[in-house]
Amino acid sequence: MTTIHTLDGVPPPIVSADPPPEFADCYAAQFRVIAAQLAVYLGSVEEAQEVTQEAFTRAWTRWGRIARYDDPGAWVRRVAWNLATSRLRRARTALRHWRNQPVELVAGPGPDRVALEAALAELPPNQRRAVVLHYLAGLPVAEIAELCRAREGAVRTWLYRARQTLARHLEVTDDV
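Conventions adopted
Residues numbered from 1 in each chain as written. Predicted model: local features only at pLDDT ≥ 70, side-chain atom pairs only at ≥ 80, totals over all residues. Heavy atoms only, no water. Patch = residues over 30% accessible without salt bridge, like charges linked within 9 Å, V, L, I, M, F, W, Y side chains within 5 Å. Areas by Shrake-Rupley, 256 points an atom, 1.4 Å probe, with all protein chains shown as cover. Salt bridge = Lys/Arg side-chain N within 4 Å of Asp/Glu carboxyl O. Helix = DSSP H or I, 4+ residues; strand = E, 2+ residues; numbered from the N terminus. Phe/Tyr/Trp six-rings, centres within 6.5 Å; stacked < 30°, edge-to-face > 60°. Buried < 20%, exposed > 50% of the residue type's maximum accessible area, 1.4 Å probe, protein only.

(A) A look at a nonpolar patch on the surface. A surface patch of nonpolar side chains, amounting to about 310 Å² of accessible area, comprises Val132, Tyr135 and Leu136. With respect to the secondary-structure elements, Val132 resides in helix α6 (residues 125–136).

(B) Main features of the packing of aromatic side chains. Throughout the structure, instances matching the rule amount to eight aromatic pairs. Ring centres of Tyr41 and Trp81 lie 4.7 Å apart, and the angle between their planes is 45 degrees; on these two criteria the pair is classed as tilted. With Tyr41 in helix α1 (residues 21–42) and Trp81 in helix α4 (residues 72–99), the pair connects residues that are 40 residues apart, well separated along the chain. A relative accessible area of 34% places Tyr41 in the partly exposed class.

(C) Local environment of the pattern of salt bridges. Counted according to the given criterion, the structure contains six salt bridges. For the salt bridge of Arg87 with Glu47, the shortest nitrogen-to-oxygen distance reads 3.4 Å. Of this pair, Arg87 sits in helix α4 while Glu47 sits in helix α2 (residues 45–61), and the two are 40 residues apart along the sequence. A relative accessible area of 25% places Arg87 in the partly exposed class. For the salt bridge of Arg58 with Glu54, the shortest nitrogen-to-oxygen distance reads 2.8 Å. Taken together, the residues span about one helical turn, with Arg58 and Glu54 both in helix α2 at a distance of four residues. A relative accessible area of 33% means that Arg58 is categorised as partly exposed. Through salt bridges with shared partners, a single ionic network connects Glu47, Glu50 and Arg87.

Listed below in structure tokens is the structure:
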């Protein structure tokens, strides 16, 4: 039989598949009460349920010790509140960090890009893929053929037909 040890060398607690009746009673009596309190505190029923579940999970692994307390539910409630407070603190820190990030305004696509995207959308999928891989990614025809599981001649045909279609859709004018 193999013994599993944690990083500190102590084996993890053995937890049976079925909870002892005292744990089940504590869970039944306390879960909804704790989750309801935390829902108001956190502003989210789902987060409150997650935090309460985590607190009960921690209690489950330590139940041999916690069951001897005068009020095991109080231990679970304290752990749940600590977890909720930590969650809010992390959220506040993340929000503060996000607010301190410089705002980078990005201009929308110009008319040339809109026209190119519209023209590319008119191409059949094989032609569009070949154009993107060849002209934007810079792949040679042989590599595109391998990626598309097609013959090189087919890729050359796709590129030729795509150029013809794009030329019709993107009629270039020399307005100087």
